[in-house]
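# Coordinates in review
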Amino acid sequence: MKLGIVGLPNVGKSTLFNAITKAGAECANYPFCTIEPNVGIVAVPDKRLDELAKLYNSQKVTPAVIEFVDIAGIVKGASKGEGLGNKFLSHIREVDAIVHVVRCFEDQKIVHVESRVDPIDDMETINTELQLADLETVQKRYEKASKLAKNGGANKEQKEEARLLEICLKQLEQGKPIRTLSFNEEEKKIVDGFFLLTDKPTLYCANIGENEIGAPDNKYVAQVKERAKEENAEVITLCAKIEEEISQLADDEKEIFYQDLGITESGLDKLVKASYKLLGLISYLTAGEKETRAWTIVNGTKAPGAAGKIHTDFEKGFIKAEVANFEDIINYGGYVKAKEAGKVRMEGKEYVMKDGDVVLFRFNV
C-alpha cells in the first residue's frame, strides 16, 4: 500500500511524514522545501502479532507495511506547471490513495502560502488542480475514443471506453472528482485504466493546534468534515507537531505522553486504520516457531487468493485452510487447545477471509 501525503505548502505535510516515519524529512517555514518526494516504509501497528509470537515462541515477527510518500506542496496553477506542478502531479499518480493534509490551526509564526487560514479554500485549491489535470487527460483521450467509437468497425470494448470517458468528462466539467461516481465492477476496471488523479481514494487529515488536543472540533475541522461528506471521503483529526515530538521519544515514554494528553491512539494508528478502511483492506495472520506475520489483503478475498499472497504455489495447489479466530487462539492459550475446543475450522476454496483470521494453508503442487 502506497499513500501520498499532499497539501498546500506549510500545512504540516512534512511534519506529519516525520511523525509517522521518523525519516527526518526536511521541514522549513517556506514553500517547496520538499521537491523530490521523501519516502518512508512504516510497519503497521498490530498488537496481535506480539501476542501470537509470545504464544508460539516465534523467532521473528513481520508486520504488514505501508509506504508513505511526502509529496511537495501544490499551489494554484500546478496543473499548468506552476510551482513545479507537473512533477508533483506525476508523484500523486503513482500512489494508491491520497492523504490530504489540511491546516486547521491558527499560528502567525507559520506562514500560509495565501496568508490566511481557510481549509475549504485549501481543499478546493488542490482538488481543482487535480481535476484540471484529469480534465486535460480525459479530453484528449475522449477525442480519440469517440472518433474510434463512431467508426463502423469499432468493437464493444472501444464503444464502452468512449461512453465511460464521456461520463468522466461531464463529471470533471462540473468540478467534481471521479471518485464520487458509481461504476459496476467491469466499468471500474476500465475507468481504473484511465489512471485519473481524482479517482484515487482520499483521506483528509485535519491538522489542529497543540492547545486543541482533546477539545471539541474547532470551526475549521467541522468545515473539513462537512465537505468530506459530500465527497464520500474519510477524515481524521490530529496534531502533527505533537505527533512528531512524541515520535522522538522511547516507547515507554510515548505511552505516558499520550496518557497525559488524553490521546487514546497515536496518529499513525489513526492513519493506518482509516487507510485500511478507505482501501477496503484487512489483515490475516500466520504464526509458528520461525515467524509470526501479518498479510494484507482486500476485504472479500477468498482463501486461495489469500494463500497466493504468501506464494503463488499456495494458490495454485490450494487444498484447504485451517482457520481460527485470533481471539480464540489467545483465549484458549494456543492453537492446539483452540483446536481441541473445536475452534479451528477447515475451510475450502469459497471461504472469504476475515480480519484477524489465524491461518495454516494446506496445498499440493
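Reading the values: the criteria
Residues numbered from 1 in each chain as written. Predicted model: local features only at pLDDT ≥ 70, side-chain atom pairs only at ≥ 80, totals over all residues. Heavy atoms only, no water. Core = buried A, V, L, I, M, F, W, Y, C linked by side-chain atoms within 4.5 Å. Buried < 20%, exposed > 50% of the residue type's maximum accessible area, 1.4 Å probe, protein only. Helix = DSSP H or I, 4+ residues; strand = E, 2+ residues; numbered from the N terminus. Contact = heavy atoms within 4.5 Å. 1 Å grid on protein atoms, 1.4 Å probe; cavity = no way out; pocket = protein on both sides within 12 Å on 5 of 7 lines; lining within 4 Å. Points joined across faces, edges and corners; volume = space filled by probe spheres on them. Nonpolar A, V, L, I, M, F, W, Y, C, P; charged D, E, K, R; others polar. Pairing = 2+ DSSP bridges.

Core analysis: the largest hydrophobic core is formed by 52 residues, its most contacted members being Phe-68, Ile-92 and Ile-329. Tallying contributions element by element places helix 10 (residues 267-279) first for this core, with 6 residues. Ignoring any residue separated from it by four or fewer positions in sequence, one finds Ile-329 in contact with Leu-52, Leu-55, Tyr-56, Ala-324, Gly-334, Tyr-335, Ala-338 and Val-358.

On to empty space enclosed by the protein. Tallying each qualifying case throughout the model produces 1 cavity of 30 Å³ or more. Considered as a void within the structure, the largest cavity measures approximately 30 Å³ in volume. If you go around the largest cavity, the residues you meet are Val-6, Ile-98, His-100, Ile-126, Asn-127, Leu-130, Arg-179 and Thr-202. At the level of elements, strand 5 (97-103) and helix 4 (119-150) are the ones that each hand at least two residues to the lining of the largest cavity. Ranked by residues supplied to the lining of the largest cavity, first place goes to helix 4 with 3 residues. Its residues assigned to classes, the lining of the largest cavity comprises 4 nonpolar, 3 polar and 1 charged.

Phi at Asn-10 is positive, roughly 65 degrees, even though this residue is not glycine. Mapping Asn-10 onto the fold places it in the loop between strand 1 (2-6) and helix 1 (13-21). Residue class for Asn-10 comes out buried when judged on its relative accessible area of 15%. With a phi angle near 55 degrees, Asn-57 is a residue other than glycine that sits in the positive phi range.

Where strand 1 meets strand 4 (residues 65-70), 4 bridges bridge the pair, whose relative direction is parallel. When the bridges of strand 4 are listed, Lys-2 appears paired with Glu-67. Where strand 2 (residues 38-43) and strand 4 come together, 6 bridges link them in antiparallel fashion. If you follow Asn-38 over to strand 4, its bridge partner there is Asp-70.

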